[in-house]
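Structural description and commentary
The lines below spell out each chain.
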Amino acid sequence: MSQQAAPAPMQADSAPTSAPTAPGAPTPAPTPAATSPHNLAARILAGHTLTHAEALALLATPDEDTLDLLNAAFRLRREHFGLSVKVNYLVNLKSGLCPEDCTYCSQRLGSAAQILKYTWLDKDEAVRQAKLGIGGGARRVCMVASGRGPTDRDVDRVSAMIADLKADHPEIEVCACLGILKDGQAERLRAVGVDAYNHNINTAESHYEDICSTHSYADRVATVEKAQAAGMSACSGIIVGMGESDEQLVEAVFALRDMGSDSIPVNFLMPFDGTPLEGTWELSPLRALRILALVRFAAPDRELRMAGGREMHLRSLQPIALQAANSLFLGDYLTSEGQSAEEDLAMIRDNGFHVLGERPGEPGFTGASGEACASAAGESSCCGSGCGSTTTTAAGASATPAPRKRGAGTDLDPNA
Ligand code: SF4
């Protein structure tokens, strides 16, 4: 844990101001006028870069002032992303059976989590699964495989899937997530049209050895840099609630900002039974909101995705999280079930937001299909064959992750 003095928390605008201090007295904490999140948001809009002390103060915001903090974060979100929400869809191309030992991961070496385990989907099935997500409203598809990193043959395999998908859906962004890249692999993925590469740093460099021993923080950063050098957009984020201190959380967020991660997924630890972090519950819904606000203040113009674990950690505050986040995953995660895709889309629209790509002029807009999907949102089915059959509400606010039992790797339709 941090040895530093506790930071002055962010306070609501209505809080009283501090009294003046005598000459020679210790430097007082900033007055609420200076630490107000709205004041800070205004300064950031004017070009200020969030400092380390300000970041810690954001995290120290009292529960009773956290909704005001989110309201301030909304000013930054709205400036850069309006009211749009990017909807992403995960296709797990290869599940479980990983030789790495990331403590948080249900697919790790030795995991006893009751997840789906399968080797590579064939090309047609992978493309079919991706199209079901697109039919459900996704404008970015994330093609993911477990493992330390791809072989060159794996890159060929995934390249063929993506070439087919891009041929039918050139408007859709494709993100690949295949692990640590070797020299030349990023360039080959970019050449077939991969728009982005996801490789999360997961936590602070100073905390990395506590969560993984089979590869290093530097390995992960090197892959992000390879993806960027090849011309792909970097998608790199974190998992919170793994024993990191506030200092380490700020360290990780600032690292993502400084390395130029274009999209920042914030995952909230899903402590699967059968993994080393089983039973680890460190987050409250308001704490989860403060973390999202921190990322928005630190990187106001980056895509901020509320990612895995949002249902069980944000719980009823998910809609408020959209004031900071402008992106989410639709439906299920790699190995666990999310809330239904219908609920995701209804949450977006009920709160005055819209799916990015369904309006003219937005990336991914295709006219009729986007409008059709939009018009059906919130009803019992959306569009495409994958939507109407997925009416199940999954893990939601339950206390443990519900392993995914539908979609890729099963005979059942996905949650899309
Ligand atoms: S996070 Fe990736 S590398 Fe680590 S155990 Fe899970 S699948 Fe393997």
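Residues numbered from 1 in each chain as written. Predicted model: local features only at pLDDT ≥ 70, side-chain atom pairs only at ≥ 80, totals over all residues.

Describing the overall build of the chain
- Each helix and strand counted, the chain has 15 helices and 10 strands in total.
- A buried classification covers 53% of the 416 residues belonging to the chain.
- Of all intrachain contacts in the chain linking residues separated by at least 6 positions in sequence, the fraction that spans at least 24 positions is 77%. (Helix = DSSP H or I, 4+ residues; strand = E, 2+ residues; numbered from the N terminus. Buried ≥ 20, exposed ≤ 12 C-beta atoms within 10 Å, placed from the backbone. Contact = placed C-beta atoms within 7 Å.)

Looking at the UniProt feature "binding site: [2Fe-2S] cluster" (unreviewed entry) in the chain
- Look at the UniProt record and you will see "binding site: [2Fe-2S] cluster" (unreviewed entry) annotated at Cys-142, Cys-175, Cys-235 and Arg-305. A maximum C-alpha distance of 13.9 Å among these annotated residues, which run over 164 residues, shows that they cluster at one spot.
- Mapped onto the fold, Cys-142 is located in strand 2 (residues 140–145).
- Cys-142 sits in the buried class, given 23 other C-beta atoms within 10 Å.
- Ignoring sequence-local partners within four residues, the contact set of Cys-142 consists of Asn-88, Tyr-89, Leu-90, Val-91, Cys-175, Cys-177 and Asn-198. (UniProt positions renumbered as here; feature names shortened; annotations may be inferred.)

Here's the deal with the pairing of strand 7 (residues 263–268)
- Most of strand 7 is tucked away: six of the six residues are buried.
- Residues Ser-263, Pro-265 and Asn-267 point to one face of strand 7 and Ile-264, Val-266 and Phe-268 to the other, with burial holding for every one of them.
- Bridge count between strand 6 (residues 238–240) and strand 7: three bridges; the pairing is parallel. Note that in strand 7 the partner of Ile-239 across the bridge is Asn-267.
- This β-α-β element, strand 6 to helix 10 (residues 246–259) to strand 7, shows right-handed connectivity. (Pairing = 2+ DSSP bridges. Right-handed = clockwise from strand over helix to strand, strands pointing away.)

Observations concerning the site of the ligand
- Around the ligand sit Cys-98, Glu-100, Cys-102, Cys-105, Gln-107, Arg-108, Ser-146, Arg-148 and Gly-179, and that is every residue in its neighbourhood.
- Within the shell around the ligand, the residues separate by chemical class into three nonpolar, three polar and three charged. (Near = placed C-beta within 6 Å. Nonpolar A, V, L, I, M, F, W, Y, C, P; charged D, E, K, R; others polar.)

Side note on the confidence of the model for the chain
- Considering every residue of the chain, the mean pLDDT works out to 87; 85% of them sit at 70 or more.
- Here residues 14–21 is a poorly scored stretch, pLDDT under 50, and it has eight contacts once near neighbours within four places are set aside; other chains count.
- A low-confidence stretch, residues 368–398 stays under pLDDT 50, and its non-local contacts, those more than four residues away or across chains, total 76 contacts. (pLDDT = per-residue confidence, 0-100.)

Brief notes about the pairing of strand 1 (residues 84–94)
- Along strand 1, 11 of the 11 residues are buried, which leaves the element largely enclosed by surrounding structure.
- In the sheet, strand 1 pairs with strand 10 (residues 354–355) via two bridges, with the strands oriented parallel. Counterpart to Val-85 in the pairing with strand 10 is Val-355.
- In this sheet, strand 2 lies alongside strand 1 in parallel orientation, the contact comprising six bridges.

Details of the nonpolar core
- In this structure, Val-91, Val-141, Met-143, Tyr-197 and Leu-292 are the most contacted members of the largest nonpolar core, which totals 115 residues.
- Per element, the largest residue contribution to this core is 10 residues, and it comes from helix 11 (residues 285–298). (Core = buried A, V, L, I, M, F, W, Y, C linked by C-beta atoms within 7 Å.)

Things to note about helix 6 (residues 152–168)
- With 17 residues, helix 6 should reach 24 Å at 1.5 Å per residue; the first-to-last C-alpha distance of 25 Å fits that figure.
- Every buried residue belonging to helix 6 is among Val-155, Arg-157, Val-158, Met-161, Ile-162 and Leu-165, and all of these are buried. Down the axis of helix 6, the buried set is contained in an arc of 160 degrees. They therefore lie on one face. Structural note: helix 6 exposes Asp-152, Arg-153, Asp-156 and Ala-167 on the side pointing more than 90 degrees away from its buried face.
- The inward-facing, buried residues of helix 6 abut strand 1, helix 5 (123–135), strand 2, strand 3 (173–177) and helix 7 (185–191). (Expected span 1.5 Å × (residues − 1). Arc of directions from axis to C-beta.)

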